[in-house]
Amino acid sequence: MKLYSTKHISPDVDLREAVLKGLPDDNGLYMPYTISPLPEKFWKNLDNYTFCEMAFHIAKHLIGDDIPDNELNKIIQEAYSFDAPLIEVGDYNVLELFHGPTLAFKDFGARFMGRLMGYFLKDNKKEVNILVATSGDTGSAVAHGFLNVEGIKVTILYPKGKVSDIQEKQFTTLGANITALEVDGTFDDCQAMVKRAFLDETLNQTLTLSSANSINIARLIPQSFYYIYAYKQLSDKSLPLYFSVPSGNFGNLCAGLFAKKMGLPIEKMIASNNANDVFTSYHQTGNFAPRRSVQTMSNAMDVGNPSNFARMMDIYNSDIDKVRDDIMAYTYTDEQTATCIKTVYDKYNYVLCPHTAVAYLGLDEYVYDEDLNPNYINGIFLSTAHPVKFGETVEQLIGEEIEIPERLQALIKGEKQSIPMSADFEAFKQWLLNN
Ligand SMILES: *Cc1c(COP(=O)(O)O)cnc(C)c1O
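Overview of the structure. (Residues numbered from 1 in each chain as written. Predicted model: local features only at pLDDT ≥ 70, side-chain atom pairs only at ≥ 80, totals over all residues. Heavy atoms only, no water.)

### A short note on the overall build of the protein
The number of helices and strands found in the protein is 19 helices and 14 strands. For the protein, the C-alpha radius of gyration of 20 Å lies close to 22 Å, the compact-globule estimate for 435 residues. Looking at the 435 residues of the protein, the share that counts as buried comes to 61%. The contacts in the protein between residues at least 6 apart in sequence include a share of 75% that link residues at least 24 apart. Accessible surface for the protein amounts to roughly 17,200 Å². Of this, 45% is attributable to carbon and sulfur atoms. Here the protein contributes 38 positively and 56 negatively charged side chains, and the mean placements of these two sets differ by 6 Å. (Helix = DSSP H or I, 4+ residues; strand = E, 2+ residues; numbered from the N terminus. Rg over C-alpha atoms; globule rule 2.2 N^0.38 Å. Buried < 20%, exposed > 50% of the residue type's maximum accessible area, 1.4 Å probe, protein only. Contact = heavy atoms within 4.5 Å. Areas by Shrake-Rupley, 256 points an atom, 1.4 Å probe, with all protein chains shown as cover. Lys, Arg positive; Asp, Glu negative; His and termini not counted. Charge placed at Lys NZ, Arg CZ, Asp CG, Glu CD.)

Laid out in structure tokens, this is it:
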């Protein structure tokens, strides 16, 4: 597998280097040279594949011979011990992506990446430092994806007071090779500190740094699996297919675009945003204007400068008409999100997390705007987190308690351990050098 930088300055790399480096030196993002359609045979056999069999064929198709088949198979089997069911909710289907250990879709990317890096580092002498900025769910998924992976140390930066208690518990209680830094700032500050660290000469001379945010290609590849898995589960595959994706950094949506390039017949992707509507504004005006993120109830989407925007521009050659052909974009307030959670529960007895509610709203609005008949389409919205992760908020809206799944109870038992850090790069740098 050959990858290039979206800035076209840094040299091409193979998968190993792209995964271990995370970001090219020119500050672009790695992209696969070719994402070609999956062979006819794959689509014919799709109904007979298990998730893991399907995932293996897709991964093999993308990755080629960079990993031996038996190793790739092992990585997939170990990473995906849970399901991604497609469930009917009213006129639409929801793809539940929260059945992994941290109850969020980021498990799909993080568990694959953790094992892939583990494989690539098998014979490495020097320890690798993974730096992650999180607005909520990345931290826990990455922490769990890498927990006890040999040769890897993980440092998680998260904005103090801006993640839910449950989210915080999930990445501050693990210990072992996982350290959490509680940054006195916003998610954007955390992300900026991590980005700067990757470009800092002293740090790179002293440490082997790598990233695990959705900018790492190893997280994007496996996220394409579940789009195709959703399609596999449809009873009538001939109807036009729509996906609504609750978006923050747009890794999830980009992975959907990969799936489309591999031949999944997606009519339209719907980018559903909260008040952090930089992409929606771009979609409407053609002007991309990153800004500071604002806090919302769907906090994992509180992103003011979506890191995968560069990949989308690369895919569409920065041609907004092409973007609009494939993608629609909407934005919703917390009030609309809250009303949606309540309405969907009252009407269909289904509990949405705030992110999922934003996705539902986007799909529903698109269907209304385009005057589509819901009976003659496959409208799928992605559920990116289990509602229990936003327990109090959601429980107040639906007027019922949500049962806490066992795997979460086990996670939140531990004691929070974190290191306070100012939103200052030099302080962070010193800490890294001293630890
Ligand atoms: C990370 C996250 C998102 C946003 O996904 P991106 O790939 O960053 O667009 C949405 N919902 C939840 C629950 C998340 O954790």
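### Looking at the nonpolar core
Leu15 and Phe243 are the most contacted members of the largest nonpolar core, which has 102 residues in total. When residues in this core are grouped by element, the largest group, 11 residues, is from helix α10 (residues 217–232). (Core = buried A, V, L, I, M, F, W, Y, C linked by side-chain atoms within 4.5 Å.)

### Section: the environment of Thr285
Mapped onto the elements, Thr285 comes out in helix α12 (residues 278–285). C-alpha separation for the pair Thr285 and Ile320, spaced 35 residues apart in sequence, amounts to 9.4 Å. One polar contact links the side chain of Thr285 to the main-chain carbonyl oxygen of Ser281, over a distance of 2.7 Å. (Polar contact = N/O pair within 3.5 Å; in protein donor to acceptor, adjacent residues only side chain to side chain.)

### Comments concerning the sheet that holds strand β4 (residues 86–89)
The mixed open sheet is built from six strands, whose spatial order is β4-β5-β13-β10-β11-β12. Whereas interior strands pair on both sides, the edge strands pair on one side only; in this sheet they are β4 and β12 (327–331). Adjacent strand axes in the sheet meet at a mean angle of 25° when their direction is disregarded. Bridge analysis of strand β11 (residues 266–273) against β12 gives five bridges, and the strand direction is parallel. Note on β12: the bridge partner recorded for Ser272 is Tyr330. (Pairing = 2+ DSSP bridges. Axes fitted to C-alpha atoms, helices over the stretch in contact; angles between N-to-C directions.)

### Here we look at α12
Within α12, the full set of buried residues consists of Val278, Phe279, Thr280, Tyr282 and His283. Where α12 is buried, its residues meet β11, α13 (309–315), α14 (320–326) and β12. Backbone geometry just after α12 places Gly286 at a positive phi near 85°.

### A look at the pairing of strand β1 (residues 2–5)
Summarising the sheet, β1 and strand β2 (residues 13–14) pair through two bridges and their orientation is antiparallel. Directly across from Lys2, in β2, lies its bridge partner Asp14.

### Details of the environment of Arg16
You can see Arg16 is positioned in helix α1 (residues 15–21). A sequence separation of 50 residues divides Arg16 from Asp66, and the C-alpha atoms of the two residues are 7.6 Å apart. Reaching out from Arg16, the side chain makes a polar contact with the backbone oxygen of Phe120 at a distance of 2.9 Å.

### Quick look at the site of the ligand
Around the ligand sit 15 residues, and of these Lys106, Gly248, Asn249, Phe250 and Thr384 come closest. Between the ligand and Lys106, the relevant distance is 2.5 Å, taken from an oxygen atom to a side-chain nitrogen or oxygen of the residue. Asn249 places a main-chain nitrogen or oxygen 2.8 Å from an oxygen atom of the ligand. Contact with the protein chains hides 98% of the accessible area of the ligand, taken as 380 Å² for the molecule alone. (Near = heavy atom within 4 Å.)

### Re the sheet that holds strand β7 (residues 152–159)
Sheet architecture is open: five strands sit in the order β9-β6-β7-β8-β14, paired in parallel fashion. If you trace the sheet from one side to the other, it starts and ends with β9 (208–211) and β14 (419–422), each paired once. Direction aside, neighbouring strands of the sheet carry axes that sit 30° apart on average. Here β7 pairs with strand β8 (residues 178–184) via six bridges, running parallel. Looking across to β8, one finds that Ile156 is bridged to Ala180. Most of the contacts of helix α6 (residues 137–146) go to β7, to which it runs at about 170°, and overall it touches β6 (128–133), β7 and β8. Of the strands in this sheet, β6, β7, β8 and β14 touch helix α19 (residues 425–434), which is tilted by about 140° from β14.

### Concerning the packing of aromatic side chains
Within this structure, the stated rule accounts for 29 aromatic pairs. Between Phe108 and Tyr226 the ring centres are 5.0 Å apart and the planes differ by 70°, which places this aromatic pair in the edge-to-face class. Here the residue Phe108 occupies a position in helix α5 (residues 106–120), and Tyr226 occupies one in helix α10, the gap between them amounting to 118 residues. Tyr226 matches Phe108 in its accessibility class, with the two residues each being buried. (Phe/Tyr/Trp six-rings, centres within 6.5 Å; stacked < 30°, edge-to-face > 60°.)

### With respect to the side chain of His355
Following the sequence through the fold, His355 ends up in helix α16 (residues 354–369). A polar side-chain atom of His355 sits 3.4 Å from the main-chain amide nitrogen of Asn299. Contact partners of His355, with chain neighbours within four places excluded, come to Pro246, Ser298, Asn299, Ala300, Met301, Thr384 and Phe390.

### Some remarks on the pattern of salt bridges
A side chain of one charge can pair with a side chain of the opposite charge when the charged atoms of the two come close. With the rule as written, the count across this model stands at 15 salt bridges. Here Glu168 ties to Lys416 by a salt bridge, and the two come within 2.9 Å at their closest N and O atoms. Taken together, the residues Glu168 in helix α7 (residues 165–172) and Lys416 in the loop between α18 (406–411) and β14 connect sequence positions 248 residues apart. (Salt bridge = Lys/Arg side-chain N within 4 Å of Asp/Glu carboxyl O.)

### Side note on the packing of helix α3 (residues 51–63) against helix α4 (residues 69–79)
The N-to-C vectors of α3 and α4 enclose an angle of 130°; their axes lie 10 Å apart at closest approach. Relative to α4, α3 is oriented oblique. Judged by the twist between their axes, the crossing of α3 over α4 is right-handed. Note on element contacts: α4 touches α3 through Asp69, Leu72, Asn73, Ile76 and Gln77, opposite Cys52, Ala55, Phe56, Ala59, Lys60 and Ile63. (Parallel < 35°, antiparallel > 145°, perpendicular 65-115°, else oblique. Left-handed = near helix turned anticlockwise from the far one by under 90°.)

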